[in-house]
Each structure stands twice: as C-alpha cells, then as structure tokens.
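# Structure at a glance
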Amino acid sequence: MQDDLYLGLDLGTSGARAVVINSAGAELASAKAAMAEFGANSRDPQIWWQAARRAVQGALAQIDRSRIVALAVDGTSGTMLAVDAAGQPLADGVMYNDACTDASLLAAIARNAPRTSAAHGPTSGLARALVLQPLGAAKLLHQADWIAWNFSGRMVSDANNALKTGYDPVEGAWPGWIAATGLDLALLPETVERETRQVAK
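Summarised in this report is the structure supplied together with it.

Procedures and definitions
Each chain carries its own residue numbering, running from 1 in the written order of its sequence. This being a predicted model, a pLDDT of at least 70 is required before a residue's local features are given, and a value of 80 or more before pairs of side-chain atoms are given or counted; all residues contribute to the totals for chains, interfaces and linings. With hydrogens and water set aside, each side-chain value is computed from the structure's full complement of heavy atoms. Partly exposed residues are those whose accessible area sits between 20% and 50% of the maximum for their type, while under 20% is buried and over 50% is exposed, using a 1.4 Å probe and protein chains only. Numbering of helices and strands runs from the N terminus, with a helix taken as a DSSP run of H or I at least four residues long and a strand as a DSSP run of E at least two residues long. We call two residues in contact whenever any of their non-hydrogen atoms come within 4.5 Å of each other. When a carboxyl oxygen of Asp or Glu lies within 4 Å of a side-chain nitrogen of Lys or Arg, that pair is called a salt bridge. Note: two strands are recorded as paired if DSSP finds a minimum of 2 bridges between them.

### A short note on helix α3 (residues 125-132)
When you tally the buried positions in α3, you get seven out of eight residues, the bulk of the element. Buried within α3 we find G125, L126, A127, R128, A129, L130 and L132. Residues of α3 that are buried make contact with β5 (80-83), α2 (103-112), β6 (139-142) and α6 (177-180).

### Some thoughts on the pattern of salt bridges
Taken as a whole and assessed by the stated rule, the structure comprises four salt bridges. Note that R54 is salt-bridged to E37, the shortest N-O span being 2.9 Å. Residue R54 is located in helix α1 (residues 45-60), and its partner E37 is located in the loop between β3 (27-34) and α1; the two are separated by 17 residues in the primary sequence. Of the charged contacts in the structure, one is a salt bridge between D98 and R43, with a shortest N-O distance of 2.6 Å. With a gap of 55 residues between them, D98 in the loop between β5 and α2 and R43 in the loop between β3 and α1 connect regions that are remote in the sequence.

### Some thoughts on the pairing of β3
Note: strand β2 (residues 15-22) against β3, seven bridges, orientation antiparallel. If you follow A18 over to β3, its bridge partner there is A31. What sits between the antiparallel neighbours β2 and β3 is a turn of four residues, in which G25 has the positive phi angle 90 degrees.

Shown next, in the form of structure tokens:
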C-alpha cells in the first residue's frame, strides 16, 4: 500500500515554494516560482495566486498527485486583503511590513486589546483590517487564507495566521474586544483547526 503524501505551500515576499512530503517527513518533490515572473506588483493578490499555482503544479508533476491527502498553506505573517462575496480582491493586499499610520486606529487597538495580545502595533493584522474595512469587503482575509480559499473554496483561517489580528487561541474565538476597536467581527474569517475538503488539483 502506498503512503499518503502531504503538500506544503509557502508564500514569501518574492515567490512561492511547494514541497511534498510523506508521512515520515521525507521530502519527495519541490518546486519554486518567483512573483516577478507574473508582474512587478508584489502586492497584487493575483500575482500571489499565479506564483502559488506554478509552484504547486511543479511539485505535483513530480509525484502521483492522487496520493496527496492534505495541503498546508503559509504566507507572510499579517499580510491581509479585502475580498467581495465571491472571494475576488477589492484592492492590493496590505503587506506584513506596511505600517498603519492612522493614529486613531492604533489608539483604538491600544485601548482595547489585552496587554499580551499580538494585535498591538502598526504592523499588526488588526491594524491592517481596520485600514481595509472602509473598502466595503465581504471578508477580510490573511494572505494564506485567500490562497487556501482558491484551492478549497472556503474562506477560513487558523490560529497561527489570525493571532496578529487579535484571535484568542486559548478561547478558540475572535474576542469581543475587537469590536470595540471599530472592526465589524463579521468581516473576519471563521477559524478552524484543519480544513478537510479535498484539495482541488
């Protein structure tokens, strides 16, 4: 009986890398794609997606893709974008190193976030969510959430990606204090431990 395989996808600032491992953790295939192959604007979510697809396709071409049972996606921490109800981006993403300069938004976070929350500071995911909210989005997603949505069809997140946006990993929920900062909690994605739908290949 053949071993199950697992596909990992990492998006960095300049490109994407996909790796396939087996249940023992041995690497069986890998492929990379540079963002620059698809355009000069590294904030364009469509460029992220094209690089991600190219990397995944390159890795899958080296193995029996029917053996893939799970996909894990990682992106630049705190990078966020606004999408409509169909999952289409409304604007460029706000990157992990784009600092919020709106003092009133930062003050709202400082007043309401617990001292130990990772949502403090001008480069937090929550600060970016507040900046993006006026675009009228159906959802505000982290970079990895949106890439995973393109594969799975579900707008969900996980505790790791959501931490800097204020997610409480102990309670396993978006805490109520986030609403006190002025952010509509309905814009944030559901968080799950794992997504069990089959990955679209």
